[in-house]
Amino acid sequence: MASLSVIGISGSLRKESSNIKLLNCAGIKLKKLNKEIKFSLGEINFPLYSDDIEKTDGLPEAVEKLGKEIQSASAVLISTPEYNKGISGSLKNCLDWLSRVKPNPLNNKNIAIISATDGRSGGERSQYMLRNCLTPFDCKLIQSPEVLIANSSRAFSNNGEILDQKSNQLLDSLLEKLYQNI
């Protein structure tokens, strides 16, 4: 049996991001599904996409590294913040760069989306936008359940666990579906 791995991508670059907390929580939950699953966080702090950069210098090393990590992963889990009713510029920039990697690492890849925001919607609009942005990649999106963590600055315990029982159940269900598809 091939090794199982899931790579998490946070649309927020902030070290104390609630999206990173959510991904770390998901990583622990994935280990409970199968202790052999390797979970890691991908780095998306890339220069702004520019065709000039690509033509002059080729793909940045960090983009190539993430592309290889995604390619070798069994699945991808993306946690998106909601910035001004959409995905973050860093997440869109990541997708723009990944679209240049050949062969495209997101093609036919199982992907689940989660979100954590300090607003009341929990990232509903950013999830919708992210689904649209992933369309050209021809990936396999796990469509439900939607995991939307609202008021995220108060949603996690000091140990990084989600406090809300319903949110925990939804995350468990989504991760189970993701696991079943890898």
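Preceding this paragraph is the structure being described.
What counts, and where the lines are drawn
- Residues numbered from 1 in each chain as written.
- Predicted model: local features only at pLDDT ≥ 70, side-chain atom pairs only at ≥ 80, totals over all residues.
- Heavy atoms only, no water.
- Helix = DSSP H or I, 4+ residues; strand = E, 2+ residues; numbered from the N terminus.
- Buried < 20%, exposed > 50% of the residue type's maximum accessible area, 1.4 Å probe, protein only.
- Polar contact = N/O pair within 3.5 Å; in protein donor to acceptor, adjacent residues only side chain to side chain.
- Contact = heavy atoms within 4.5 Å.
- Axes fitted to C-alpha atoms, helices over the stretch in contact; angles between N-to-C directions.
- Parallel < 35°, antiparallel > 145°, perpendicular 65-115°, else oblique.
- Nonpolar A, V, L, I, M, F, W, Y, C, P; charged D, E, K, R; others polar.
- Pairing = 2+ DSSP bridges.
- Right-handed = clockwise from strand over helix to strand, strands pointing away.
- Core = buried A, V, L, I, M, F, W, Y, C linked by side-chain atoms within 4.5 Å.
- Arc of directions from axis to C-beta.

(A) Broad picture of the side chain of asparagine 93. In this structure, asparagine 93 sits in helix 4 (residues 89-98). On the basis of relative accessibility, which here comes to 7%, the residue asparagine 93 falls in the buried class. Engagement of the side chain of asparagine 93 in a polar contact is seen with the backbone nitrogen of tyrosine 49, the distance being 2.7 Å. Those residues in contact with asparagine 93, other than ones at most four positions away along the chain, are Phe46, Pro47, Leu48 and Tyr49.

(B) Structural context of the packing of helix 3 (residues 61-72) against helix 4. One way to put it is that helix 3 packs onto helix 4 with a least axis distance of 10 Å and a crossing angle of 80°. Viewed along their axes, helix 3 and helix 4 adopt a mutual orientation that is roughly perpendicular. Across the interface between the two elements, Val63, Leu66, Gly67 and Ile70 from helix 3 touch Cys94, Trp97 and Leu98 from helix 4. Considering only residue class, the contact of helix 3 with helix 4 consists of six nonpolar, one polar and no charged.

(C) Just the pairing of strand 1 (residues 5-10), in detail. Strand 1 sits mainly inside the fold: six of its six residues count as buried. Because side chains alternate across strand 1, one face comprises the buried residues Ser5, Ile7 and Ile9, and the other comprises Val6, Gly8 and Ser10, equally buried. Taken together, the four bridges between strand 1 and strand 2 (residues 38-41) define a ladder with parallel strand orientation. Each residue of the ladder has a partner; that of glycine 8, found in strand 2, is leucine 41. One crossover worth recording links strand 1 to the parallel strand 2 by way of helix 1 (residues 18-33), and it is right-handed. Where strand 1 lies against strand 3 (residues 75-80), five bridges are found, and the strand directions are parallel. Residue valine 6 lies in a different strand from strand 3, and its bridge partner there is alanine 75.

(D) Quick look at the nonpolar core. Ranked by internal contacts, the top residues of the largest apolar core, which has 26 residues, are Leu66, Leu106 and Leu134. At the level of elements, strand 1, helix 3, strand 3, helix 4, strand 4 (110-116) and helix 5 (124-134) are the ones that each hand at least two residues to this core. Looking at this core element by element, the count peaks at five residues for helix 4. Dropping the residues within four chain positions of it, leucine 66 is found in contact with Ile7, Ile9, Gly42, Glu43, Ile44, Phe46, Cys94 and Leu98. Grouped together as the second largest cluster of nonpolar side chains are 23 residues, Ile37, Ala116, Ile142 and Leu175 included.

(E) Looking closely at helix 5. Among all positions of helix 5, only Ser126, Gln127, Leu130, Arg131, Cys133 and Leu134 are buried. All buried residues of helix 5 project into a common sector of 160° when viewed along the axis, lining one side. Of the surrounding elements, those touching the buried residues of helix 5 are strand 3, helix 4, strand 4 and strand 5 (140-149).

(F) Examining the environment of asparagine 24 more closely. Relative to the assigned elements, asparagine 24 resides in helix 1. By relative accessible area, which is 37% here, asparagine 24 ends up partly exposed. Between the C-alpha atoms of asparagine 24 and lysine 55, which are 31 residues apart in sequence, the distance is 36 Å.

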